[in-house]
Amino acid sequence: MVVLREGNHVWFETNTSGEFNAPIGAVIRQVVSGNVLLLDDEGKEQWIDASNINSVRPMHPTSVKGVDDMIRIGDLNEAGILHNLLIRYQENIIYTYTGSILVAVNPYQLLPLYTTEHINLYTKRRIGDLPPHIFAIADNCYFNLRKNREDQCCIISGESGAGKTESTKLLLQFLAAVSGQHMWIEQQILEATPILEAFGNAKTVKNDNSSRFGKYIEIYFNEDGIMQGAKIEQYLLEKSRVCGQAQDERNYHILYSMLMGMSTEKKKLLSLGTAHEYDFLTKGNCTSCEGHDDVKHYADICSAMKILMFADSEQWDVNKLLAAILHLGNLHFQAAMYDNLDCCELMESSHLSMATKLLEVNPLELENAMTHRSILIRGESVTTPVSKAQAAGSRDALVKGIYDHLFVWIVNKMNTVINTLATNNPGNVCRSIGLLDIFGFENFNSNSFEQLCINLANEHLQQFFVRCIFKQEQAEYVQENIAWQQIEFTDNQKTLDTLAVKPMNIVSLIDEESKFPKGTDTTFLNKLNDHHGKNMIYVPPVSSHGTMFGILHFAGVVYYESKGFLDKNRDHLSSSIIQVVQSSKNKFLKQIFQTSFGSASGKPQNQRQSLREGSIKTTDSHRQHPTLSRQFKQSLDNLMKTLKACQPYFIRCIKPNEFKKPLIFDRELCIKQLRYSGMRETIRIRKSGYPIRFAFLDFVQQYKLVLRSALWQIKQENAHLCCKQIAESVIGTNGDWKIGRTKIFLKENDHLTLELERDRILTAKALMIQKVIRGYKDRKNFLRQRNAACMIQSHWRGSQCRKKYQLCRRGLLRLQALYHSRKIAKEYEETRRRMILFQALCRGYLIRQNQSKRLEALTIIQAYTRGMLIRKSYRKKKRDIQRRVEAQKIRFAEDPVQGEIRS
C-alpha cells in the first residue's frame, strides 16, 4: 500500500473521457481521514476520497523537476513525457533532448536565448554538455560536417504553428555566425528568409506566419568550414490562396505590406488604395495581423532585395505584377445568354484598364481570353463562349499563374546570387548542411488538393524518421546478432503505399484522371472507391452522393473535399491566356513565363496554329503538360534521395495551444502530437538501444590510444578482440555495450565515457609533447638569447668606449674653440678700442676743420652784410641830399628872395 504524505508528487487518473486522455501530475496538499487534496499541473485543486485512492500513484523522482534528456525519465509513458515538457515549458525552458533528437515547444514569445553570448557558449560543445538548445544541434551538425566530411541535414517537423520557420532561421543564424568570416554571402543567405516569408507565408487560422510552401535550404561549406554559398529548393506554393482564403485568414504577406509600406507616389502610379478595396485581400475578412507590422515588413523586404542584388527596375516590375493581380481580382463578370448558350460579359471597371496597362496587353484580347475558350475539333480551332463561373476561373488561373511564376523567378534570382559555387566555380566540391522547413501536417474543416499534397510530404518525412530511428536500427541489431527485444512502433508505410507507392495509388489515379478530357471530380472519386474501397487506409464517402473521402494518416483521419481536385491538379493556363501573355509588351512578364512558353512551343505542329502576327496559339491539350501532383511527387522523390545521402538530425516542434498565446499548455493537443510523432517509442529505443556504433577497425583506430602502444599494430582478424579489450578497460565488463558480427554497439553514456577517456589520454600526451617541445624551445631560445646577450654586451662596450672617446674629443674641441674665441675676442676688443680712438680723433679734426670753415664763412658773410648795409645807407642818404638840393633849386627859381633867405 502506498503511503501518501503532504508534499509528495503523484500521478492520478482524471475522470475525463477522451481519445487522448492520460494521467496528470499533482502535488499532495493535505491528507485528511484518508481523503487527499491535490494541486494538479494545471493549478486546480481536487479532493480524492478514500474509495478512489487507487487512482493515485507515486511519481518517479526524475519526473518531479524534469530532465534535460527524456531518455533519463523514470516514468516512461505519455503522462511522464507530457509532464516533463509541461514543467519545463512553465519555466520558459522550451528545449528538451531525446538522445540527439531535439524537442522544441513553441513559446509564442521572444526569449533571451539567441544572443551572441549563447552562440559562443554552444560553439564546439558536445550535445549534453550544456542545457538543450537548438544551437547545440546546429553546432553538432557543423562539427560532424568538418570531422566526417559528410553532408548533414536537419529535418524540422511539426504541425502548422509549431515554430518550424523560426527554428530554421535560428539554425541559419548560428551557421552564419560559427563560420566565423562574416562574409557578404552569409548576410545574403540570411536576407533570403524575409523575402521568402513575404511571398510564401500567410496568416492562417492556426498560425500568423504559416509557410504555404516547403523549402530546403542547402548551405555549402569549404574544407575550412567557411560558408561558400547556398541553394534554395521550393515545393508546392499554395497558389489558390492568391484568389481566396478561408475565414479569418489573410492572403500572402507581401500584398498587404506593399499597400501599407509603399510610398504614396508609387501607389498613385499603380493606382493602389487600401487592402479593403480589393476582393482578393478581403475574402477571409481579415486584413491585419496582430504583431505583424506591414510597414516595417515592406521596408525590410526592400532592404533584403537590395542586399540580394535585385535591381530597382526588377523591384518595380515585381510591384507592377502584384498590383496587376489586385486589379484583376476586382474584375467581375455578368451572366448572359447567346444562341441558347451560357456566356458572360466583363463588367465595366477602371481596374481592367489599369490591369492591362500594368501587364501591357490588349484589353480586348484579355477580355476575350477570359470570356471565351478555344478547342480543337478535327484539326480546326473553334472558339466558344464560357459561363460566368468559367470566366472567373480563367481570371483566377491567370492570377495564380502570374504569382506562381513570379515566386519561382524570385527563388531562382536569389539562387543566382547566393549559389556562388555554381556561378564562380562549378567544379569545386563542397560539403553541405541542408535545412528542411516544410509545411506541417494540416487538417482543416475543409481540406482540398493542397492539403493532400502537404500531408503526403509529411507522410514521406514520417516514414524517413521511422526508417532512421526504428527500422534500420532494429534491423541492424538483428543482422549483427545483438540480443534485442523488438519495440513496437506506428509504421505509416501502408498509408504511403496507398498514397504514392503501390500501383493504382491515389496520386497516380489523380494524375491519370486529370489527363482524360472528360475526367471530372466525380469520376475520380468513383475510381478511388473502386480501387481502394476495401482498403483500411481509405475512408469512402458516407453516401453515393457524397464528395468527401478520408485518408487514415499517421496523425489521424483527414477528410478531403474532392470538388476542384482535378482542376487544381491540371495546373494549366488556357491557350487563349497563354496567347495574351505572349503578346504582352511587358518583358518581365514574358520572362517569368519563359519556361511555360518553351513547353507550349515544343508541342507537335498539329497542336498549335501559327497566326499571321507570328504568335503561337496553343490548344487546350494536357498530354504534354505535367500535372501538379506528378511535379510534386518527383520533387519529393528527389528530396528524399537527398536526405538519405545525408546524416540526419531531427527537430520535433510542438505546438502547445491553438490560441497562439504564451504559457498555455493544451494537454490533449500536445498528447496528440506526441503520440503520432512516436515520441514514447523514440524514447524507448533511444533508452534501450545502442545509437552509437562503430566498425571494428574504425573503433580501434579511434580509441586505440587507451591501450599500450605495443598493441597498436592490430590486424583485421583480431580487431573484435581489441574492441572488446578497449571496452572492458574503459567501460568495464558490467557496461551496457555489445559486440556484433562487424560492429561494436554503445550507449551514449558509454560513448561519452570513451570520449572523455580518449580526451584525457590525448590531453596527457599532448601535455607531455608540449613539455618536451617547450623545453627544447626554451633551451634553444636560451642559447640564442645568451649569444645575443654576449654580442649585445660586446657591441655595448664598444659603443660605450666610442661614446667616451667622442665625448673627450668633443671636450677638447670645445676647449680649443673657447681658447681661440677668447683670444680672437681680446684682439677684436683691442682693435675696436683703437678704431674707436682713431674715429674720435678723426671726427674731432673734421669737426674742428668744419668749424673753422664755418667761422670763416660767417665772418665773410658778416663783412659782406655790413658792407651791403653801409652802401645801402650811403645811397639812401645820397638820394635824400639830392632830393633836398633839387627842391631848393625849384624854390629859388620860384622865389629867389625867399629861397635865398631860407638857404
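Shown above is the structure to which this text applies.
Before going into details, it helps to say that this report is about the structure given with it. (Residues numbered from 1 in each chain as written. Predicted model: local features only at pLDDT ≥ 70, side-chain atom pairs only at ≥ 80, totals over all residues. Heavy atoms only, no water.)

To continue, consider the overall build of the chain. If you tally the helices and strands in the chain, you get 31 helices and 26 strands. Rg of the C-alpha trace for the chain: 52 Å, well past the compact-globule value of 29 Å for 903 residues, more than 25% over. Across its three principal directions, the C-alpha atoms of the chain cover 200 × 100 × 75 Å. A total of 903 residues make up the chain; the buried ones form 46% of that total. In the chain, of all internal contacts separated by at least 6 residues, the share reaching a separation of at least 24 is 67%. Roughly 48600 Å² of accessible area belongs to the chain as shown, and the carbon and sulfur atoms make up 53% of that amount. (Helix = DSSP H or I, 4+ residues; strand = E, 2+ residues; numbered from the N terminus. Rg over C-alpha atoms; globule rule 2.2 N^0.38 Å. Buried < 20%, exposed > 50% of the residue type's maximum accessible area, 1.4 Å probe, protein only. Contact = heavy atoms within 4.5 Å. Areas by Shrake-Rupley, 256 points an atom, 1.4 Å probe, with all protein chains shown as cover.)

Let us look at the packing of aromatic side chains. Per the counting criterion, the structure on display carries 26 aromatic pairs. Ring centres of Phe 449 and Phe 565 lie 5.7 Å apart, and the angle between their planes is 85°; on these two criteria the pair is classed as edge-to-face. With a gap of 116 residues between them, Phe 449 in helix α17 (residues 449–479) and Phe 565 in helix α21 (residues 565–570) connect regions that are remote in the sequence. Centre to centre, the rings of Tyr 538 and Phe 549 are 6.0 Å apart; their planes meet at 25°, and the pair counts as stacked. In this pair, Tyr 538 sits in strand β18 (residues 538–539) while Phe 549 sits in strand β19 (residues 548–553), placing the two residues 11 residues apart along the sequence. (Phe/Tyr/Trp six-rings, centres within 6.5 Å; stacked < 30°, edge-to-face > 60°.)

With that settled, the discussion passes to unusual backbone geometry. Despite not being glycine, Tyr 108 has its phi angle at roughly 55°, a positive value. Judged by relative accessible area, Tyr 108 falls into the buried class, the value being 19%.

Turning our eyes to something else, we now look at the pairing of strand β11 (residues 214–221). Most of β11 sits inside the fold, with 8 of its 8 residues counted as buried. Side chains Gly 214, Tyr 216, Glu 218 and Tyr 220 project from β11 onto one buried face, and the interleaved Lys 215, Ile 217, Ile 219 and Phe 221 project onto a second face that is buried too. Two strands pair when backbone bridges link them, and β11 and strand β12 (residues 227–235) are joined in this way by 8 bridges, in the antiparallel orientation. The residue of β12 that forms the bridge with Glu 218 is Lys 231. Two successive antiparallel strands, β11 and β12, enclose a turn made up of 5 residues, where Gly 225 displays a positive phi of approximately 80°. The sheet contact formed by β11 and strand β17 (residues 431–437) spans 7 bridges and is antiparallel. Bridged to Glu 218 within β17 is Gly 434. (Pairing = 2+ DSSP bridges.)

Interaxial distance between helix α12 (residues 312–329) and helix α13 (residues 350–359) falls to 9 Å at its minimum, and their mutual angle equals 155°. One element, α12, and the other, α13, form an angle in the roughly antiparallel class. Considering the relative orientation of α12 and α13, their crossing is left-handed. When α12 is examined against α13, the residues Lys 320, Leu 321, Ala 323, Ala 324, His 327 and Leu 328 are found in contact with a partner set consisting of His 351, Met 354, Ala 355, Leu 358 and Leu 359. Grouping the amino acids of the contact of α12 with α13 by side-chain chemistry returns 8 nonpolar, 2 polar and 1 charged. (Axes fitted to C-alpha atoms, helices over the stretch in contact; angles between N-to-C directions. Parallel < 35°, antiparallel > 145°, perpendicular 65-115°, else oblique. Left-handed = near helix turned anticlockwise from the far one by under 90°. Nonpolar A, V, L, I, M, F, W, Y, C, P; charged D, E, K, R; others polar.)

Turning our eyes to something else, we now look at the sheet that holds strand β5 (residues 56–58). Where strands meet in a sheet, backbone hydrogen bonds hold them as pairs that are either parallel or antiparallel. Spatially, 5 strands are ordered β4-β3-β2-β1-β5 in an open sheet, and the strand pairing comes out antiparallel. Both edges of this open sheet fall to β4 (45–48) and β5, since each of them pairs with a single strand only. When strand polarity is set aside, the average angle formed by the axes of neighbouring strands in this sheet is 45°. As judged from the 6 bridges shared by strand β2 (residues 24–32) and strand β3 (residues 35–40), these two strands associate in the antiparallel manner. Across the sheet, residue Ile 28 finds its bridge partner in β3, namely Leu 38.

Once that is clear, we can look at helix α11 (residues 294–307). Helix length check: α11, at 14 residues, gives a terminal C-alpha distance of 20 Å against a target of 20 Å (1.5 Å per residue), a fit within 8%. For α11, the full list of buried residues reads Asp 294, His 297, Tyr 298, Ile 301, Ala 304, Met 305 and Ile 307. Two or three places before Val 295, at the opening of α11, Asp 293 has a side-chain oxygen 3.2 Å from that residue's backbone nitrogen. (Expected span 1.5 Å × (residues − 1). Polar contact = N/O pair within 3.5 Å; in protein donor to acceptor, adjacent residues only side chain to side chain.)

A word on the side chain of Thr 96. Assignment of secondary structure puts Thr 96 in strand β6 (residues 95–98). Apart from residues no more than four positions distant in its own chain, Thr 96 is found in contact with Val 67, Asp 68, Met 70, Asn 84, Leu 85, Arg 88, Ile 101, Leu 102, Val 103 and Pro 132.

A few words now on the environment of Asn 718. Mapping Asn 718 onto the fold places it in the loop between α28 (696–703) and α29 (719–730). The sequence separation of Asn 718 and Thr 547 amounts to 171 residues, and the corresponding C-alpha distance is 67 Å.

Taking 1.5 Å of rise per residue, 31 residues should cover 45 Å, and helix α15 (residues 388–418) covers 45 Å from first to last C-alpha, within 8% of that figure. In terms of burial, α15 is largely enclosed, as 22 of its 31 residues are buried.

Our next topic: the pattern of salt bridges. For the structure on display, the rule yields 37 salt bridges. Here Asp 637 ties to Lys 633 by a salt bridge, and the two come within 3.5 Å at their closest N and O atoms. With Asp 637 and Lys 633 both in helix α25 (residues 628–644) and 4 residues apart, this pair spans about one turn of that helix. Note that Arg 834 and Glu 830 form a salt bridge whose closest N and O atoms lie 3.1 Å from each other. Of the two residues, Arg 834 and Glu 830 are both situated in helix α30 (residues 748–894); the distance of 4 residues between them amounts to about one turn of the helix. (Salt bridge = Lys/Arg side-chain N within 4 Å of Asp/Glu carboxyl O.)

As a further point, take a nonpolar patch on the surface. The grouping of Met 548, Leu 552, Val 557 and Tyr 559 at the surface amounts to a nonpolar patch, some 320 Å² of accessible area in total. Put simply, the parts of the chain that give the nonpolar patch at least two residues each are β19 and β20 (556–561). You can see Val 557 is positioned in strand β20. Since its relative accessible area comes to 32%, Val 557 is described here as partly exposed. (Patch = residues over 30% accessible without salt bridge, like charges linked within 9 Å, V, L, I, M, F, W, Y side chains within 5 Å.)

Below, the discussion takes up empty space enclosed by the protein. Per the counting criterion, the structure on display carries 3 cavities of 30 Å³ or more. Quantified by volume, the largest cavity comes out at close to 180 Å³. Lining the largest cavity are 17 residues, with Ser 157, Gly 158, Gln 462, Arg 652 and Tyr 676 sitting closest to its centre. Counting only elements with at least two residues in the lining of the largest cavity, the list comes to β8 (152–157), α17, β23 (647–654) and α26 (667–676). In this model, the second largest cavity occupies a volume close to 50 Å³. Looking at the second largest cavity, the residues that line it are Leu 359, Val 361, Leu 366, Leu 398, Ile 402, Ile 577, Val 580, Val 581 and Leu 589. Of all the elements in the fold, those that place two or more residues in the lining of the second largest cavity are α15 and α22 (575–582). Counting residues per element, the lining of the second largest cavity draws most heavily on α22, at 3 residues. Partitioning the lining of the second largest cavity into residue classes produces 9 nonpolar, no polar and no charged. (1 Å grid on protein atoms, 1.4 Å probe; cavity = no way out; pocket = protein on both sides within 12 Å on 5 of 7 lines; lining within 4 Å. Points joined across faces, edges and corners; volume = space filled by probe spheres on them.)

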